[in-house]
Amino acid sequence: MADEEDPQSLVGTFPEPPSFYKDFTPANVARIEELRKTAGLKDLTPRLPNVPEYLINLQPPAEPEDGKWRVFGDHYTLEDKLPTLEEVGAVSLPPTHPSRLQSSPSSSQVAQNNHYDHALELKRLTKSLLLNFLELLTTLSQNPGHASAKISDINTLLINIHHALNEYRPHQARESAAELMQDHLDTIRRETTSVREGVDRARRVLEGLGSLTFAEREASQAPVDEEAEKNRLKQQEELTLWNCADALLA
Amino acid sequence: MTDRLTQLQDAVDQLAQQFVAAVHFVHKRHDYQTLGPNDKVREVKPEEMQQTIDPLPAEDFQAGLSELSRDLITKEQQIEYLISMLPGLQNSEEDQEKSIKELEEDLKAAEAQRQEALKEKDEILAELDRVIQSIRRP
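All values derive from a computational prediction rather than experimental measurement.

1. Side note on the overall build of chain A
- When helices and strands are tallied, chain A shows 5 helices and 2 strands.
- In sequence order, chain A lays out its α and β elements as α-β-β-α-α-α-α.
- Residues counted as buried form 22% of the 250 residues belonging to chain A.
- Sequence separation of at least 24 residues holds for 44% of the intrachain contacts in chain A that already meet a minimum separation of 6.
- Looking at chain A as shown, the accessible area adds up to about 19,000 Å², and 58% of this sits on carbon and sulfur atoms.

2. Things to note about the packing of aromatic side chains
- Tallied over the entire structure, the rule returns 2 aromatic pairs over all chains.
- Ring centres of A:F133 and B:F19 lie 4.1 Å apart, and the angle between their planes is 5°; on these two criteria the pair is classed as stacked. Separated into two different chains, A:F133 in helix α4 (residues 108-142) and B:F19 in helix α1 (residues 4-28) make up a pair that spans both.
- Classification of A:F133 as buried rests on a relative accessible area of 5%.
- Among the residues examined, B:F19 registers a relative accessible area of 4% and is labelled buried.
- Relative to B:F61, the ring of B:F25 lies with its centre 5.5 Å away and its plane at 10°, an arrangement referred to as stacked. Of this pair, B:F25 sits in helix α1 while B:F61 sits in helix α3 (residues 58-84), and the two are 36 residues apart along the sequence.

3. Focus: the side chain of B:E76
- Mapped onto the elements, B:E76 comes out in helix α3.
- With no salt bridge to any partner, buried B:E76 finds its closest opposite charge in A:K127, at an N-O distance of 4.5 Å.
- Contact partners of B:E76, with chain neighbours within four places excluded, come to A:T126, A:K127, A:L130 and B:L15.

4. Quick look at a nonpolar patch on the surface
- Taken together, the side chains of A:W69, A:V71, A:F72, A:Y76 and A:L78 present a nonpolar region at the surface, about 540 Å² in accessible area.
- Mapped onto the fold, A:W69 is located in strand β1 (residues 68-71).

5. As for the pattern of salt bridges
- A full pass over the atoms with the stated rule returns 9 salt bridges over all chains.
- Salt-bridge contacts for B:R114 lead to A:E191; the nearest nitrogen and oxygen are separated by 2.7 Å. Pair noted here: B:R114 is in helix α4 (residues 93-136) and A:E191 is in helix α5 (residues 147-249), and the two residues belong to different chains.
- By relative accessible area, A:E191 is classed as partly exposed at 32%.
- With its nearest N and O atoms 3.2 Å apart, the salt bridge here joins B:E127 to B:R130. Within this pair, B:E127 and its partner B:R130 are both found in helix α4, separated by 3 residues, close to a single helical turn.
- Overall, B:E127 belongs to the partly exposed group, its relative accessible area being 34%.

The rules behind each value
Residues numbered from 1 in each chain as written. Chains lettered and ligands numbered in written order. Predicted model: local features only at pLDDT ≥ 70, side-chain atom pairs only at ≥ 80, totals over all residues. Heavy atoms only, no water. Helix = DSSP H or I, 4+ residues; strand = E, 2+ residues; numbered from the N terminus. Buried < 20%, exposed > 50% of the residue type's maximum accessible area, 1.4 Å probe, protein only. Contact = heavy atoms within 4.5 Å. Areas by Shrake-Rupley, 256 points an atom, 1.4 Å probe, with all protein chains shown as cover. Phe/Tyr/Trp six-rings, centres within 6.5 Å; stacked < 30°, edge-to-face > 60°. Lys, Arg positive; Asp, Glu negative; His and termini not counted. Salt bridge = Lys/Arg side-chain N within 4 Å of Asp/Glu carboxyl O. Patch = residues over 30% accessible without salt bridge, like charges linked within 9 Å, V, L, I, M, F, W, Y side chains within 5 Å.

Put into structure tokens, the structure is as follows:
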């Protein structure tokens, strides 16, 4: 089924989609949904152990059993770990630092000094790189035929340096994560203080405004009262005047 | 600007390239020498000589040698400096985890404070709004 190549697919600019897309008919999709439901599987584990032949393409393939696979000529593993130098096929230079030599790796002191030693180890490797280059030049000037051994020494040194640096990567990742968090924390704190300052300023303005309006209201209310009093007095005066006139006319 | 580890690896690669360049320089740009008093440099035709080596004047060759070796030493010093600048050399993995946890707690607290401050800001804003409206009314 998958092997039946459409002759036109050789001509097109883009490759044809894999032929199993034809298996994804609504009927088949519904069928596998039903199977999943009856099997009681969650979304995260969509693989069913026994499915009919015609539904085999509707579920993802199983994980590779040995945890390795190849894509585009590269090897991948399920476990994302750094292969040791021996696995790659390079000579691993033993650590030279005395504290790492004499004590077993389980002791806590080694774990604490581990990264400091790392730096020291790297410096030693770099120094011996220079020394080996000098030796290479000497060998070349005296007996060029023996130079290949020195060249492979330099090769080993370079590989070891790179390996040591790659081993250091998780450490750096944690370190930069902590740095990022610290930056974020500082930003948040700065923001909080600036917001607080703004609030305080606004509150002071409000208080100033509040006392202002209060004073104005008092000032404006007092004259109104006076005028009313005056009006009242005037009316009273007029009233008595009219009363007097009435009395005179009567 | 890459991280320090990548810088360091690049520097190591550059050092290796400098090795090659130095060997190449010595190999190609030297002049013929006599090993004993009875030796004589064989006369070669100029076009033949072009193919094997391209000799520099003795002083220039020496200058080139010393420049290349100085560059090698400088690059090596750079690498050592970069090594000593690697982040968090003094921290072990437990230290890192601890500090990350602490930072996480601090972040949570700071975030809560920020939310509180924002709420306060909203309240004061509403208050201000109310006051302004009440001023406009008459």
